[in-house]
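Structure assessment
Here is what each chain is made of, one letter per residue.
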Amino acid sequence: MSAPTRRYEDAVARYFDAWNAGPDALAKAVAAAWTNDGGYTDPLADVRGHEQIAAVIAAAHEQFPGFVFRLSGAVDGHHDTARFSWELVSEADGSAPVAGSDVVTLDGEDRIRSVFGFLDRVPAGA
């Protein structure tokens, strides 16, 4: 695996570590993945900074208890930008009612400056 490819995969792995972190580890995982002024934007949220990003992640865990985020497919990147798809998977039965695609930009230390998320599959009423 090339160094540039590893850069994107490592950043995305930290991103998923944050999305899958429990309450006690969430703040540390967000700080490891995002820059201090990093942002997260999707159709349901537009936030900046570690506290607001952690709040969005905590809200997703409240809405979907017992679910984890996982990578769906390969990470693709160039320059300071990567894109990837993901699913929200039930630990109980393996179903994945929510799926999306994200584009992230990285800083020089490979921390996320911004996320632009798209929801590709969402259950009715969610």
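The rules we used
Residues numbered from 1 in each chain as written. Predicted model: local features only at pLDDT ≥ 70, side-chain atom pairs only at ≥ 80, totals over all residues. Heavy atoms only, no water. Helix = DSSP H or I, 4+ residues; strand = E, 2+ residues; numbered from the N terminus. Rg over C-alpha atoms; globule rule 2.2 N^0.38 Å. Buried < 20%, exposed > 50% of the residue type's maximum accessible area, 1.4 Å probe, protein only. Contact = heavy atoms within 4.5 Å. Areas by Shrake-Rupley, 256 points an atom, 1.4 Å probe, with all protein chains shown as cover. Lys, Arg positive; Asp, Glu negative; His and termini not counted. Charge placed at Lys NZ, Arg CZ, Asp CG, Glu CD. UniProt positions renumbered as here; feature names shortened; annotations may be inferred. 1 Å grid on protein atoms, 1.4 Å probe; cavity = no way out; pocket = protein on both sides within 12 Å on 5 of 7 lines; lining within 4 Å. Points joined across faces, edges and corners; volume = space filled by probe spheres on them.

Glancing now at the overall build of the protein. Broken down by element type, the protein carries three helices and seven strands. Its helices and strands in sequence order give the protein the pattern α-α-β-β-α-β-β-β-β-β, from N to C terminus. In summary, the protein has a C-alpha radius of gyration of 14 Å against a globular reference of 14 Å for 126 residues, a match within 12%. With respect to the principal axes defined by its C-alpha atoms, the protein has extents near 40 × 30 × 25 Å. Here the protein holds 126 residues, and the buried ones make up 41% of them. Pairs at least 24 residues apart make up 44% of the contacts formed inside the protein by residues separated by at least 6 positions. As displayed, the protein offers around 6900 Å² of accessible surface, 53% of which is attributable to carbon and sulfur atoms. Across the protein, the 10 positively charged side chains and the 19 negatively charged ones have centroids separated by 5 Å.

Bringing the UniProt feature "domain: SnoaL-like" (unreviewed entry) in the protein into the picture now. Per the UniProt record, "domain: SnoaL-like" (unreviewed entry) is annotated on residues 12-113. The straight-line gap between the two end C-alpha atoms of residues 12-113 is 12 Å; of that span, 29% is helix and 41% is strand.

All right, on to the layout of surface pockets then. If you add up the space inside the largest pocket, you get close to 380 Å³. Those elements giving two or more residues to the lining of the largest pocket turn out to be helix 1 (3-19), strand 1 (34-42), helix 3 (50-63), strand 5 (81-90) and strand 6 (98-106). Sorting elements by how many residues they give to the lining of the largest pocket places helix 3 first, with four residues.

For the rest of this paragraph, the subject is the environment of arginine 113. Locating arginine 113 in the fold gives a position in strand 7 (residues 112-121). Classification of arginine 113 by relative accessible area gives partly exposed; the value is 39%. Through-space distance from the C-alpha of arginine 113 to that of tyrosine 40 is 8.7 Å; in sequence the pair is 73 residues apart. For arginine 113, the residues in contact, after removing those within four places along its chain, are Thr35, Gly38, Gly39, Arg48, Asp80, Thr105, Leu106 and Asp107.

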